[in-house]
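Single-letter residue listing:
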Amino acid sequence: MLTTYTLEHQPYQVYRAGMEGPVLLFVHGFPLNHAQWENQFLHFAASHRVIAPDLRGLGGSRISDNDMVVTMEQHADDLDALLSELQINEPVVFIGLSMGGYVAWQMAKKYPQRLRSLVLCHTRVVADTAEQAAGRHQLAAETLRIQTSLKIEEVMLPRLLPASTDQSHVEAVRQMARSSSISGLAATLRGMAARPDMTNLLPSITVPTLAICGEYDAISPPAEMSAWSSKIPGARFVSLPGVGHLSPIEGPHAFNQLLTESLPWLTGTMSR
Ligand code: MLT
């Protein structure tokens, strides 16, 4: 079920399914929205409460201010407010992909009591280089100029999905990019450009953590993900074969199987 809440006078759209069991909070990447997790919803809602927001500025959580910067900390503040609104006081399994992982670091820093465990998919811990940040600002400006997501699709699609991917995945990503407000896409690009290096946080993470990457991931490659995940005490690292940056879309069966097998450990109902 899709519901639009109001957080700080801001529309905030959230998908929810499942009536009982531990809470799984699915946090999408860029330029995506809650629908990125469509292949997970039915699978996990049978025995979990599934919550998948559209982060501020993306999907149905539209903004209209062309000059905004939506930081990763702001997203964490929104998620904390959302959980309060939904009267969820128990800690959640936070499943973040790419930008969703950037938000996870802010959640672990500012709201550690909200986290039962972390699933960090296809994500990075370092900040953008000056060149990468400048590229994002340029892309934001160009997107506002042309008033469509086309330039973002052109730049991002070859990085998100391997050339061999099914055309239906390309179309799904395009649809999600097109569902967002133009101001929101620009604000999100600026927010990612402003994100801090979170490497120093890693040794202080104490919740069970699963890092999932893809063999062909061009944005967060296996060697990089393996290196940062080894700095989180007890973290488990898995590289899924044959997929790029979006395993929940590209390889849902393997992704769901891995998450299903890991959930007893992630929810504290079984040791690792
Ligand atoms: C994402 O998937 O969220 C983005 O690729 C992250 C990024 O561009 O750094």
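Look above for the structure.
An account of the accompanying structure is given in this report. All values reported here derive from a predicted model rather than from experimental measurement.

Attention now moves to the pattern of salt bridges. Scanning the model with the defined rule gives 15 salt bridges in all. Notably, a salt bridge pairs Arg-195 with Asp-128, separated by 2.6 Å at the nearest N-O pair. Of this pair, Arg-195 sits in the loop between α7 (182-193) and β7 (209-214) while Asp-128 sits in the loop between β6 (115-121) and α4 (130-146), placing them 67 residues apart in sequence. Assessed through its relative accessible area of 6%, Arg-195 is described here as buried. As a salt-bridge pair, Glu-171 and Arg-174 come within 3.9 Å of each other at their nearest N and O atoms. Taken together, the positions of Glu-171 and Arg-174, both in helix α6 (residues 167-179) and 3 residues apart, correspond to about one turn of that helix.

Put simply, helix α5 (residues 150-160) and α6 touch, their axes get as near as 10 Å, and they point 140° apart. Once α5 is placed against α6, the crossing between them reads as right-handed. Residue-level contacts link Leu-150, Glu-153, Leu-157 and Leu-160 of α5 to Val-170, Val-173, Arg-174, Ala-177 and Arg-178 of α6. Residue classes in the contact of α5 with α6 are distributed as 6 nonpolar, no polar and 3 charged.

Turning our attention to the state of the cysteines. Tallied over the entire structure, the rule returns 0 disulfides. Cys-213 forms no disulfide, and the closest cysteine sulfur to it belongs to Cys-121, at a distance of 10 Å.

Our focus in this paragraph is the sheet that holds β7. Strand order across the open sheet formed by 8 strands is β1-β2-β4-β3-β5-β6-β7-β8, with mixed pairing between neighbours. With partners counted over all chains shown, the strands left at the sheet margins are β1 (2-7) and β8 (236-240), one partner each. The sheet shows a mean angle of 20° between the axes of neighbouring strands, taken without regard to direction. Direction of pairing for strand β3 (residues 23-27) relative to strand β4 (residues 49-53): parallel, over a ladder of 3 bridges. Paired with Leu-25 across the strands is Ile-51, a residue of β4.

Our next topic: the site of the ligand. Surrounding the ligand, one finds Gly-29, Phe-30, Ser-98, Met-99, Tyr-102, Arg-136, Met-156, Leu-160, Met-192, Ile-219 and His-245. Take Phe-30: an N or O atom from its main chain is 2.7 Å from an oxygen atom of the ligand. Side-chain polar atom of Tyr-102 to an oxygen atom of the ligand: 2.6 Å apart, as the coordinates give it. Looking at the shell around the ligand, the elements that each hand over two or more residues are α3 (99-110) and α5. Taken together, the residues of the shell around the ligand sort by class into 7 nonpolar, 3 polar and 1 charged.

Our focus in this paragraph is the pairing of β6. When you tally the buried positions in β6, you get 6 out of 7 residues, the bulk of the element. Here strand β5 (residues 92-97) pairs with β6 via 6 bridges, running parallel. Bridge pairing in β6 links Gly-96 to Leu-120. Read as a crossover between parallel neighbours, the route from β5 over α3 to β6 is right-handed.

Attention shifts here to the packing of helix α1 (residues 38-45) against helix α10 (residues 252-266). Where α1 contacts α10, the axes come no closer than 10 Å and their chain directions differ by 40°. Judged by the inter-axis angle, α1 sits oblique to α10. For α1 against α10, the interelement crossing comes out right-handed. In this structure, α1 uses Asn-39, Gln-40, His-43 and Phe-44 to contact α10, whose residues at the interface are Pro-252, Phe-255, Asn-256, Leu-259, Thr-260 and Leu-263. Residue composition of the contact of α1 with α10, by class: 5 nonpolar, 5 polar and no charged.

So, about α7. An ideal rise of 1.5 Å per residue puts 16 Å on 12 residues; α7 measures up with 17 Å between its terminal C-alpha atoms. Buried residues dominate α7, accounting for 12 of its 12 residues. Where α7 is concerned, the buried positions are Ile-182, Ser-183, Gly-184, Leu-185, Ala-186, Ala-187, Thr-188, Leu-189, Arg-190, Gly-191, Met-192 and Ala-193. Tucked inside the fold, the buried residues of α7 contact α2 (72-85), α3, α4, α5 and α6.

Basis of the calculations
Residues numbered from 1 in each chain as written. Predicted model: local features only at pLDDT ≥ 70, side-chain atom pairs only at ≥ 80, totals over all residues. Heavy atoms only, no water. Salt bridge = Lys/Arg side-chain N within 4 Å of Asp/Glu carboxyl O. Helix = DSSP H or I, 4+ residues; strand = E, 2+ residues; numbered from the N terminus. Buried < 20%, exposed > 50% of the residue type's maximum accessible area, 1.4 Å probe, protein only. Axes fitted to C-alpha atoms, helices over the stretch in contact; angles between N-to-C directions. Left-handed = near helix turned anticlockwise from the far one by under 90°. Contact = heavy atoms within 4.5 Å. Nonpolar A, V, L, I, M, F, W, Y, C, P; charged D, E, K, R; others polar. Disulfide = S-S within 2.5 Å. Pairing = 2+ DSSP bridges. Near = heavy atom within 4 Å. Polar contact = N/O pair within 3.5 Å; in protein donor to acceptor, adjacent residues only side chain to side chain. Right-handed = clockwise from strand over helix to strand, strands pointing away. Parallel < 35°, antiparallel > 145°, perpendicular 65-115°, else oblique. Expected span 1.5 Å × (residues − 1).

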